[in-house]
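Tertiary structure, described
The primary structure of each chain is shown beneath.
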There are 4 protein chains.
Amino acid sequence: MSDRASAGFLDSVLDRVGSLRTAWRDIAASARGVLSGGAPRPDLPDDDVAKLRAQMLNCLDGRGGEVGARARAAELGRTYLALNPTGRERFLRLLAEDFDTDADAVAACCGRLTRAADAVERAAAQRALRAALTAPRVTLLRQFNALPEGVKFLVDRRAELLASGSKDPAFQALADDMRELLANWFDIGFLQLQRITWDSSAALLEKLMAYEAVHEIQGWSDLKNRLDADRRCFAFFHPRMPDEPLIFVEVALVNGIAGNIHTLLDQSAPIGDPQAADTAIFYSISNCQRGLNGISFGDFLIKRVVDALASELPRLKNYATLSPIPGFRRWLAREAESGGLLLAAEAKAIQAILPEADDDNADRQLLGVLDRPDWVEDSRTAAVLREPLLRLCARYLLQARAASGRALDPVAHFHLTNGARVERLNWLGDVSVKGLQQSAGVMVNYNYRLDHIEANHEAYRSEHKVAAASAVRSLARVS
Amino acid sequence: MSDRASAGFLDSVLDRVGSLRTAWRDIAASARGVLSGGAPRPDLPDDDVAKLRAQMLNCLDGRGGEVGARARAAELGRTYLALNPTGRERFLRLLAEDFDTDADAVAACCGRLTRAADAVERAAAQRALRAALTAPRVTLLRQFNALPEGVKFLVDRRAELLASGSKDPAFQALADDMRELLANWFDIGFLQLQRITWDSSAALLEKLMAYEAVHEIQGWSDLKNRLDADRRCFAFFHPRMPDEPLIFVEVALVNGIAGNIHTLLDQSAPIGDPQAADTAIFYSISNCQRGLNGISFGDFLIKRVVDALASELPRLKNYATLSPIPGFRRWLAREAESGGLLLAAEAKAIQAILPEADDDNADRQLLGVLDRPDWVEDSRTAAVLREPLLRLCARYLLQARAASGRALDPVAHFHLTNGARVERLNWLGDVSVKGLQQSAGVMVNYNYRLDHIEANHEAYRSEHKVAAASAVRSLARVS
Amino acid sequence: MSDRASAGFLDSVLDRVGSLRTAWRDIAASARGVLSGGAPRPDLPDDDVAKLRAQMLNCLDGRGGEVGARARAAELGRTYLALNPTGRERFLRLLAEDFDTDADAVAACCGRLTRAADAVERAAAQRALRAALTAPRVTLLRQFNALPEGVKFLVDRRAELLASGSKDPAFQALADDMRELLANWFDIGFLQLQRITWDSSAALLEKLMAYEAVHEIQGWSDLKNRLDADRRCFAFFHPRMPDEPLIFVEVALVNGIAGNIHTLLDQSAPIGDPQAADTAIFYSISNCQRGLNGISFGDFLIKRVVDALASELPRLKNYATLSPIPGFRRWLAREAESGGLLLAAEAKAIQAILPEADDDNADRQLLGVLDRPDWVEDSRTAAVLREPLLRLCARYLLQARAASGRALDPVAHFHLTNGARVERLNWLGDVSVKGLQQSAGVMVNYNYRLDHIEANHEAYRSEHKVAAASAVRSLARVS
Amino acid sequence: MSDRASAGFLDSVLDRVGSLRTAWRDIAASARGVLSGGAPRPDLPDDDVAKLRAQMLNCLDGRGGEVGARARAAELGRTYLALNPTGRERFLRLLAEDFDTDADAVAACCGRLTRAADAVERAAAQRALRAALTAPRVTLLRQFNALPEGVKFLVDRRAELLASGSKDPAFQALADDMRELLANWFDIGFLQLQRITWDSSAALLEKLMAYEAVHEIQGWSDLKNRLDADRRCFAFFHPRMPDEPLIFVEVALVNGIAGNIHTLLDQSAPIGDPQAADTAIFYSISNCQRGLNGISFGDFLIKRVVDALASELPRLKNYATLSPIPGFRRWLAREAESGGLLLAAEAKAIQAILPEADDDNADRQLLGVLDRPDWVEDSRTAAVLREPLLRLCARYLLQARAASGRALDPVAHFHLTNGARVERLNWLGDVSVKGLQQSAGVMVNYNYRLDHIEANHEAYRSEHKVAAASAVRSLARVS
């Protein structure tokens, strides 16, 4: 949440607790009264920490019932937002350290469970243990759910914690608690699929531009082009954060599987007829809320969108992505060290265009060429690189594994988990700076073939088997 | 859910998984395939139980990702609804007994926690323990959240379990698990307040008539009268059960605190001017979903409604209930056994109108009179009973306690917890059959005085102190 | 508008001119000031008429611009509603007589048109003439369009005028002016088709019950049955009267063309599967607003509904009505006077069951039997009457004509104009009191065969040719 | 409508007559059949005109009832949009000349009216005359109301006619007919006020940018600034053209009457608190639909917006405009010819800063200075011009009259008619190119003082008296 938005939040909490204000002014006042010396100072010195601790305890003790508890939680949120970074860290540390589970209580419950004589006692002991394992800070954070914008408040706090990159176990445990709480609230049952069009609100579209993470949106006319008649855009929303998209996908309706992102994004290209299209290309999927990291919506989004498209446009036969290969160059660089990337003929071809190279290691030469900002504009160079890079890319996608056995490339892992297969590699599919830097200009299509999804998913999940079209499989085998 | 509604559910699950059907037919088919001998038999004999167990395991193992899991859950729901009562009991028993927590795993986690060397290990062990304490059946039930009407399905299953009155610990534990799950989903942050008027849908109004639990609605014209210009009706809804009210309250806008329910419900009474009213009388609050027993919305509803009314009608000064005293006659009967209910003068007055009574115990005579169906129509009798019954009623409300120390009367306990005070007793406030049977015709006003709510609530919560108007306090002290 | 609704209107005009009130209090006040002696007396004596005339003139002279004019119109409406019947008649007479077109001005314009020298002069003269032909009362009435509920106010005034049955030419001219104005506002382009279901508002459903004009709705459960899964109900609404249906149609989804209204309305009948139905039966069409008499929506409604049904339920093949024959018995009675209704064999059969009849005129005997309230319950009588009545009914529908040449039966005329054909006669299709009284128990299906509509419509419109199935045509020819 | 939008219209008519298509394919086909040689050629040669005439007659003769007529009208619209400019002119000429009123029929009706013997005959004759005065083309155009986008189609056609500037009486009469028809449909009773915010659809906001006619919107961030928390924007819409604003107004919420447009439009200015503002400044009012020229919504819009603001923000005390004076420079130039603009002292001051001028006529020198693009940046020049220009501007606004007696300045005339007064002149209130070119940099506030509106309006309407603050009146009197 930006500073200005935070200021808005301050007002909105005050204002809409106004939905509880008329009657419960006293509660709010007494909630405020806890910090009776007035608002805490921005960097939250020790004596303000003490007052804040009291305020948090107050929030937990159930005085004033549900309604009172929520008013107190709003007051806590207000306090937080008025703090500077130092104050905020102290606030979170207080929450993390002083409101953790009570180790003794947990141990006692474990003991009681061990001694349980029958099913009834065991059930009771388990219940008690579960309760003891719920940190007071979780109870406290939960109260934000009922506040206007309270859910967004928590999501933003977790985003801050993650962004801080802190290795402090207390902070990590707090972020974990938040994750569990949010995972509950953001169960896919609550998600609402909305189609986004040029008729959507400007405020929402502005957010889309900010959140787009794959192919940056250049401005309103670029965005309008991505929402034209031959495009579709869908997002998930949550009822408690109705103005904030969680994740969105951009789709182009075309004929045949598209291989070039620039063609898709060309604003001067003629508009296709969606009714005549046979293929839906998912060319951009962006998560919008960093605070929801680790809570996954993408698989569900893709499948809901496939359903929506299938029912709107019965002629569609293919559902495929046009995706970057973000780890490809990094992998190339690592592999080059152990050598043996290029076949003899490939190495020779490269050296033919680099006669004056003083390093005769072809693999390193390859990396060197890729480092040049303009290699792609030299058609001869591009022609020479085409074959080895596509081959290596196929190998990367199909064979490179993380320690856990999953595909090394994160985008590949995502789509393979969802049951797609590696369909086709596209030479010079993305020659933007980012596309060259990460993917050496190559793009890949992952194909969601509806009657193979289950089997692909299963094979990948259980044996890490990567499904791929035979052409890609052959390419990966060349040696 | 009625049988017909259940049948509708069957279709709707099939139909709207249709929202996932186009693409995921295979998953649904394989989900069904588990019971490959076709649908299970209605009473679920042992071999069908075995197949069902496999189906449930399948549902848990994560095959097919989130989407597959939900399709399998829908199939389980479908299976359940096709069973007869015997089959249903077996289904639930299977769930309760075979999908409980793994005691060994829990014990192991307890051990690991004991041995944890530092904060990081402790946090990890706690996380593991929390996971082990989540019964597989809970994971399974959670998947219903994403199904259309899946939440209602769970609510209805819990209602069935509660209605069965089973003392079986397995069933009680299952009902408890459901309660916890539902409490999470029905957090007050998700509740939506809706005003209900004669412009609401007939389908909803029909449900209101069915759910009204305090003063039965006699038909459409009675209902229309309760929704007229000088009335308000509000209900809470949940986004996952949009057609089902959770709880609703009926309010009359009047001048001065109303003491007679028949006046309020009189369809021929003139319609008051809501803008001129100074008092809002909450005369009926009904919970609609038995399956949500133990998850409380009433306090929050009343306070949200007070806010809504205060902002619509700035002239309102009083917010009070007109409530039954459901435990009064039961308490009278019990107290009569130990004697000493009536003061001497009261006893004499009663005996004066009952000269031929062969039992000369005035307390018992009092009970006897109250048992007559028509005592209320005899004005002399009514006049004689008035004073002692009001006095005893005051004592009942202010002094009678449950073992836990809370007010014995459940309605009193509810409003006292919310911070209201006992304001006034109303003689012959409800002379309906039910009103006479439970409350001896007396009604009571609980008054929500906004600036005393917090203090009243606190005093009752911590010391079981019952707030009451001085007139009622005096009455209770007469002896 | 009922009295209570009128009172509501008074308030609403005051209240919602409130939408213009904050700022324009003065205008409203001065508008009221015209009747400075306070509100007019209920029977509007002469001096109040004079004041009212001034008020109307004020309304016309454009002072205060559009906004002022509307405020004055609201004040006029308010005045009207406070009058008693005498006062109301005087109000309308004043409007009709004193605010008619100016005959001299019209004559002058006619003269100017005659003398026009060229196209430009002619166009100007025509414009002037058109203006002169617009009665001031029309300008005045037009201002009601901008008032909340102003359109309904005019519709209700026209309904009053029509209901009065006055032959006074001034009133008839006023009613005509209203018709023209309303016809403009209620152009079919403005009509909004809404499906009505059990989820519609109770307030709307209550109106439906009141407005149903063909087969009376017996109460809420009858209505619910008519809105069940195998039924459809559609109505037209107007944006300026959003709470008032203009016309609605009830449709049953069945297999084969239905012939019996009691079967359709039977609440205990099982609910059919709408997806499996091949036939849509339009069994009731009711106009709701008497004040819109002469402005026809029926044809457009039927065709819009056919479209809506065709797109929802692609299996539908037949669109037909099940209709009463309201003029049949009246026609029978008239024809009986000239004799020759019954064929010899038919006459004999009737006399066989009426041996003791002292009138030996079989036609009159037939009428006599039909006058008996219970003939339909005697199966022998019913059997004897079946053949001659169906034969005569066919003749009535196909051959009986009004002076203008159109079909004598009004319902037949409506559907024939729309392009339907007479499909089938149904013996004892409606044995309700009304059905026997008007239609001798017979019902008829009009069939909308989509590819014949245009030709049928044209043939009926130009040559009064009645389209009919061959079986009905044969029946009509028997002699 | 742009060409692309027109193409869209073609499809939409075809497509959404689809709302009538399933069933009425035949009608549409036969409608098309009229031009059986296929679509007409783009320039509509004579034989295609003949076919088109037949098609129009067909549209009028009522064949196929309302539904058929509308389908034929859609076909006509489709034909029109496929024509080139020559073809379109021929199409409109055909409509204008061949479907005018029948002069003989009108004359005959005039005669019949003259001979009418009594009220009944007179009423009938008037009705007939009215009918005869309705040109067939009007009947034809009216059928567009029921078409999707049909109303917009007519509005755009009238815009074309006006834009052509044709003096052809036939075209002018056609445009007049359209005006009358549209004035009926766009009665203020049908207008819907909508607030426009950053949450409005991007498609709508894009139109706003295109339609803004007073202070051009520079892009999305300029627009966003104009919709911020201390701004309001309202527009009127019509139910038959829901995506098209008719007129909109931009309002700034400030303290005190604002005098400088650049301050208001400054994107870097801090955002004010709307709740604290005492003044609403209407700084831009734009009509959006040229085809609705001569149908006035502005007065009604301002007053509805004043009401909306007054009810949202009770602290507002002033409602004033900040307006250009578009005719000021033009008037100055004309007046300069007769001389005597400047007072002696003013002339001297100007000559003092223009020593080398070879023309010694001070009035012409003044005009010369104003013609310099950069005079405003020279503070000495600006200081010298200030006094005389404000004085002359006051005289222009208060005294300059058109032949009809109304204020010469069109914006002044608009606000004076609405009852506002000339409140204050603002030196260098608008120094944009346009502001200097039209208004010599001066802006004016028109003040809507609610309790003087009626009197001001009346005085201006009846006597052309211009209301003004005394300071402005004094300024205008200086000589």
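Procedures and definitions
- Residues numbered from 1 in each chain as written.
- Chains lettered and ligands numbered in written order.
- Predicted model: local features only at pLDDT ≥ 70, side-chain atom pairs only at ≥ 80, totals over all residues.
- Heavy atoms only, no water.
- Contact = heavy atoms within 4.5 Å.
- Phe/Tyr/Trp six-rings, centres within 6.5 Å; stacked < 30°, edge-to-face > 60°.
- Helix = DSSP H or I, 4+ residues; strand = E, 2+ residues; numbered from the N terminus.
- Buried < 20%, exposed > 50% of the residue type's maximum accessible area, 1.4 Å probe, protein only.
- Lys NZ or Arg CZ within 6 Å of the ring centre and 35° of its normal.
- Buried area = accessible area lost by both parts, 1.4 Å probe.
- Salt bridge = Lys/Arg side-chain N within 4 Å of Asp/Glu carboxyl O.
- Expected span 1.5 Å × (residues − 1).
- Polar contact = N/O pair within 3.5 Å; in protein donor to acceptor, adjacent residues only side chain to side chain.
- Domains from an automatic or database assignment.
- Nonpolar A, V, L, I, M, F, W, Y, C, P; charged D, E, K, R; others polar.
- Disulfide = S-S within 2.5 Å.
- Least-squares fit on C-alpha atoms with pLDDT ≥ 70 in both.
- Bend = angle between axes of the 7 residues up to and from the residue.

So, the arrangement of the chains
Chain C makes no contact with chain A, the minimum C-alpha separation between the two being 15 Å. The two units chain B and chain D never meet; even their closest C-alpha atoms stay 15 Å apart.

Digging into the packing of aromatic side chains
Taken as a whole and judged by the stated rule, the model has 44 aromatic pairs over all chains. A ring pair is formed by Trp 375 of chain C and Trp 427 of chain C, whose centres lie 6.0 Å apart and whose planes are at 35°; its orientation type is tilted. Here the residue Trp 375 of chain C occupies a position in the loop between helix 17 (362-371) and helix 18 (379-399), and Trp 427 of chain C occupies one in the loop between strand 6 (421-426) and helix 20 (433-439), the gap between them amounting to 52 residues. Between Phe 328 of chain D and Trp 331 of chain D, the ring centres sit 6.4 Å apart and the planes meet at 25°, which makes this aromatic pair stacked. With a gap of three residues between them, Phe 328 of chain D and Trp 331 of chain D both fall in helix 15 (residues 328-338), about one helical turn apart. For the pair shown, Phe 328 of chain D and Trp 331 of chain D are each scored as buried. An aromatic cluster is present here, built from Tyr 80, Phe 91, Phe 144 and Phe 153 of chain A joined pairwise through their rings. Positioned over the ring face of Phe 153 of chain D is Arg 157 of chain D, at 4.6 Å from the centre of the ring.

Considering the interface of chain C and chain B
Taken together, the contact pairs 13 residues of chain C with 13 residues of chain B. Interface area, chain C with chain B, both sides summed: about 1000 Å², of which 54% is carbon and sulfur. The largest contributions to the chain C side of the interface with chain B come from Trp 198, Ala 202 and Trp 220 of chain C, which together make up 42% of the buried area. Inspection of the chain C/chain B interface yields two salt bridges.

Some words on helix 5 (residues 85-98) of chain D
It helps to recall that an α-helix has 3.6 residues per turn; residues three or four apart then point in one direction. Residue and element names in this part refer to chain D. The end-to-end C-alpha distance of helix 5, which contains 14 residues, comes to 20 Å, matching closely the 20 Å that a straight helix rising 1.5 Å per residue would cover. Among the residues of helix 5, Gly 87, Arg 88, Phe 91, Leu 92, Leu 94, Leu 95 and Ala 96 are the ones counted as buried. At the N-terminal end of helix 5, a side-chain oxygen is found 3.1 Å from the backbone nitrogen of Thr 86, two or three residues along, and the residue is Asn 84.

Comments concerning the domain arrangement of chain A
Residues and elements named next belong to chain A. Segmentation of chain A into domains returns domain 1 (18-100 + 135-185), domain 2 (189-321) and domain 3 (328-475). A C-alpha centroid distance of 26 Å is found between domain 2 and domain 3. In this assembly, 18 residues from domain 2 lie in contact with 20 residues from domain 3. Together, the buried faces of domain 2 and domain 3 total about 1500 Å²; carbon and sulfur atoms form 55% of this surface. Ranking the residues of domain 2 by area buried against domain 3 places Ile 257, Tyr 319 and Thr 321 at the top, with a combined share of 33%. Applying the counting rule to domain 2 against domain 3 returns zero salt bridges. At the boundary of domain 2 and domain 3, one finds eleven residue pairs in polar contact (both at pLDDT 80 or more). Looking at the side of domain 2 that touches domain 3, the elements that each hand over two or more residues are helix 13 (261-265), helix 14 (298-312) and strand 5 (318-321). Ranked by residues supplied to the side of domain 2 that touches domain 3, first place goes to helix 14 with five residues. Here the residues of the side of domain 2 that touches domain 3 are counted per class, giving ten nonpolar, six polar and two charged.

Here we look at the state of the cysteines
Disulfide: a covalent bond connecting the sulfur atoms of a pair of cysteines. Summed over all chains, the structure comprises zero disulfides over all chains. Take Cys 233 of chain C: it sits in no disulfide, and the sulfur closest to it among the cysteines is that of Cys 288 of chain C, at 9.3 Å.

Some thoughts on the relation of the copies chain C and chain B
Laying chain C over chain B is done by rotating through 180° and shifting 0.1 Å along the axis; what remains is an RMSD of 0.1 Å. Look at the turn and shift together and you get a two-fold axis relating the two. Closest approach to the rotation axis among the C-alpha atoms of chain C is made by Ser 201 of chain C, whose C-alpha sits 2.0 Å away. Mapped onto chain B, 100% of the interface residues of chain C again fall at the interface, so both copies present the same surface.

Observations regarding helix 18 (residues 379-399) of chain A
Residues and elements named next belong to chain A. Along its 21 residues, helix 18 runs 30 Å from first to last C-alpha, staying within 8% of the 30 Å computed at 1.5 Å per residue. Of all bends in helix 18, the biggest is about 40°, found at Arg 386, and the proline Pro 388 comes one to four residues later. In terms of burial, helix 18 is largely enclosed, as 15 of its 21 residues are buried.

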